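# Structural description and commentary
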Amino acid sequence: MAENILELRGLSKSFGANQVLFDVNFSLKPGEVHAIIGENGAGKSTMMNITYGLVKPNSGEIYIDGKKVDIKDPNDAEKNGICFVHQEIALCQEMTIAQNILMTRVKNMKDINLNYKKINEEAQKLIDDIVPGFDVSQPVESLNIAGQQVVEIAKALSMDCKILILDEPTSSLSDKETVALYRIMDNLKEKGIGIVYISHRLAEIFEKCDRVSVLRDGYMINTYDVANVNAAQLVNDMAGREMNNIYPPKAESVDYSDETVMLEVKNLSAKRRFKDVNFKLHRGEILGFSGLVGAGRTEIMEAIVGLREVKPGGEVIFEGENILGTAAKKIFKKGIAYLPESRKETGLFLEMGIHQNTSSLHLETIQNGALLSNAKEIAQANKFITALRTKCSSPVQPVNSLSGGNQQKVLFSKMLTVKPKILIADEPTRGVDVGAKSEIHALLRALATEGTGVIVVSSELNEILGICDRVLVMYEGKIVGEVKGEDVVANNVMHYASGAFLLEENK
Amino acid sequence: MANTVAKKSELGQQNSFWKKLVGAREFSLFVIIVAFFLFLTFTQDVFLTWLNLKTMLVSMSTTGMTVIAMAFVMLTGGIDLAVGATMCLAMAIGAVLFKGGMNPWVASVIAIFSGVVIGWIQGMLITKIKLIHFIVTMCFMGICRGLVMYITKGTPISLVLPLSMEENAAFVKVGQGDLFFTNGIPLPILIFIAVVIICDFLLKKSAVCRQIFYTGSNEKAAAYSGIKTDRVKIAVMMISGFLCGIGGVIYMVRFSGVPVSAGEGFEMTAIASCVIGGVSMNGGRGTVLGAVLGLTFMTLITNAMNLFLVSPTVQELIRYLIVLAAVILDNAQANARAKKLA
């Protein structure tokens, strides 16, 4: 038997002009837990999707047990003993645990005469091997998230699995459930199954993994034995980078006195989402919110602008009064604008025109008395098309015919028809090309300079570092760190975002 | 020099006006209707007689109310299968009250109000209990019809007697009166045209009604723009009930009574008219004018089949095959448009 159960050699992949993997090598031994870490968009998922046959690489080879294999689709992957437990649960909620576990078997139409008793027995055996105490005849929806994760793993193992890929398995688990998952992993290791463990959390790496590989911007930076590496080194590997974007200059100095406070959040909490959030936004600064996806950033912003009811709540002070609990419409009228993170889902009216999207937040800007003025609406759209240099053929063109960057500019237009006193931009440049991106960054800076309070929530570290004067870092629903001015550099932010600070505290 | 520049821009404007007119969703349908109209004029002598046109238009004025009602609901991304049944219930309530001695105007207001209440209940079920339009309105189609059966005990209500009384002469005009000249334009048609113009105007011009389009186009984005989408959806169901109520009152006077099957099948005609008229099933796109043109098209087909003595046994089949063809054609056109833009 070869030493490596799985080996990836020289994997490269690009989506259009955007290369996401550069000549990546990776190996996995039987009975080993090999972690892959890196920030959002580093290429972890693409790498594993290639291994599982979901994405075709541009070049590179995959070896299993030392033999070169060609994996065209997930069926091929499963035949080769590769199983993938995705981050999101993908089970049929109404069906029983047994039916879910053996779902892949039922694909074979020849087995039309299903023997349910046999299926149940087989599934029961499979799941008992992992964690005893499940009743496989119950529907999956009766289980909590952790239980469903176990079913996902059992489903993977039902296929004679040699290589198990776990994509952020703990992101939806509580501490207790995580411990249960660790036990399962120990079990699988003993059986000689190799585990690829994708995670954001450094603590888990040191607790459970044998080796760790760091990906950054599509490059495999380093692979270490966990015993021979420390958190600082890993943070450095994840963060160390050249700036490849040109960002507008930052504010020369920000006055952090009490007179310049535009918005103050006091003791804001929401059950299971975030806890004891306190911060002040000052005039003239761009305040960044960094942290991993799911750290609670979007939820806080939605609570501030009244789009999300929070309990037990807290205080959001704007212009001398507590606005928490006020309806979103009233808050927008007061001069706070919220640019949502997903323009397609919550931002734009895709099949409607640029003009109708631009006017949608403040219809009063195009009204003559109670009536809408078509001429005013088009004039307003034209004004913003010129100001933001939106590329389009007509102001009445439906926005779904625009590119992502131009759609985002329309979304910005919508926020700016009445100049906001505070603009909260959630992922302001997600899915936007490089050109539009720097234009949007310049726009944010211009707004801040003109006195609008700007909050930027972003999962992209470069963006946070490039445009923010001050950064608050969130980790699991709490603000765990603040970096300011000169200190806004990658290592400082990653120190908090990855949870490395926890390891230090423990020592 | 300045002169030529001015001329050019004028020309440009004219050009864009024509472009806009020709490019509008309703225009191609309008051309088809005109062509169809001319074809019938030249092939069937009876077609272009005042009696034939009047009959068509009067029948359109009651169905038309349910078409506009449907258009409102479809613009929010919903569907209202209860339009015909709501209309029938409203008129049954009005008729019973009227027959029982109530002032006909008051009875009519109560009839229309009952349509609004039915709409409100459905709207609450859709938004607060989060049931889908299809299920709620399907149930209310049955509930309203059931209530009609209960109220009327299954027999039609005749209003011939009360309507013939001297003091109700003014009220009779609502369904049977003419305007401008004897045997002139029936009042129901004028009421209908007025409703079309008002609704079309409001949907295009009023800021409140614009919320209907935003909600239908992307409900989440509408909520993120501060629109109370639940309120919009309830309001639209109430508007639907209101319009069905008006249609019911006209129907009631026109027929001097309430057949228990009144409004049966209207929901299907309404959906077909809206779809042909370019009202999107996904919400957010469409006009009342388009929907009414769709109804005109449907009515012309029926009229043509009657004039050509097409057997009633195949009329339904032909009608819906034509609807299907129209929808396929429109879909192809929309795809081509999208391709051109992309």
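What follows deals with the environment of Pro104(B). As for its placement among the helices and strands, Pro104(B) is situated in helix H5 (residues 104-127). Apart from residues lying up to four places away in sequence, Pro104(B) is in contact with Phe98(B), Asn168(B) and Phe171(B).

In this section: the interface of chain B and chain A. The interface is formed by 17 residues belonging to chain B together with 22 residues belonging to chain A. Counting only elements with at least two residues in the side of chain B that touches chain A, the list comes to helix H10 (207-217) and helix H11 (219-224) of chain B. Here the side of chain B that touches chain A gets 5 residues from one element, more than from any other, and that element is H10(B).

A separate point is the sheet that holds strand S12 (residues 274-282) of chain A. Residues and elements named next belong to chain A. In space, the 4 strands of this open sheet follow the order S12-S11-S14-S15, with antiparallel pairing throughout. At either end of the open sheet lies a strand with only one pairing partner, and these are S12 and strand S15 (321-322). Relative to S12, strand S11 (residues 261-270) runs antiparallel, the two being bridged by 6 bridges. Of the residues in S12, the one forming a bridge with Val261 is His282. Most of the contacts of helix H9 (residues 297-304) go to S11, to which it runs at about 115°, and overall it touches S11, S12 and strand S14 (312-318).

Looking now at the domain arrangement of chain A. Residue and element names in this part refer to chain A. Along its sequence, chain A is organised into domain 1 (6-239), domain 2 (260-335 + 420-506) and domain 3 (351-419). Summarising the inter-unit geometry, the C-alpha centres of domain 2 and domain 3 are found 26 Å apart. With 12 residues of domain 2 at the interface, the matching set in domain 3 holds 12 residues. When residues in the side of domain 2 that touches domain 3 are grouped by element, the largest group, 5 residues, is from helix H15 (residues 434-449). Class assignment of the residues belonging to the side of domain 2 that touches domain 3 gives a composition of 7 nonpolar, 3 polar and 2 charged.

What follows covers the environment of Pro30(A). Residue and element names in this part refer to chain A. Take Pro30: it is sitting in the loop between strand S2 (18-28) and strand S3 (33-37). Remark: the alpha-carbon pair of Pro30 and Lys191, spanning 161 residues in sequence, is separated by 8.8 Å. Setting aside anything within four residues of it in sequence, one finds Pro30 in contact with Ile5, Gly192 and Gly194.

Parameters at a glance
Residues numbered from 1 in each chain as written. Chains lettered and ligands numbered in written order. Predicted model: local features only at pLDDT ≥ 70, side-chain atom pairs only at ≥ 80, totals over all residues. Helix = DSSP H or I, 4+ residues; strand = E, 2+ residues; numbered from the N terminus. Contact = placed C-beta atoms within 7 Å. Pairing = 2+ DSSP bridges. Axes fitted to C-alpha atoms, helices over the stretch in contact; angles between N-to-C directions. Domains from an automatic or database assignment. Nonpolar A, V, L, I, M, F, W, Y, C, P; charged D, E, K, R; others polar.

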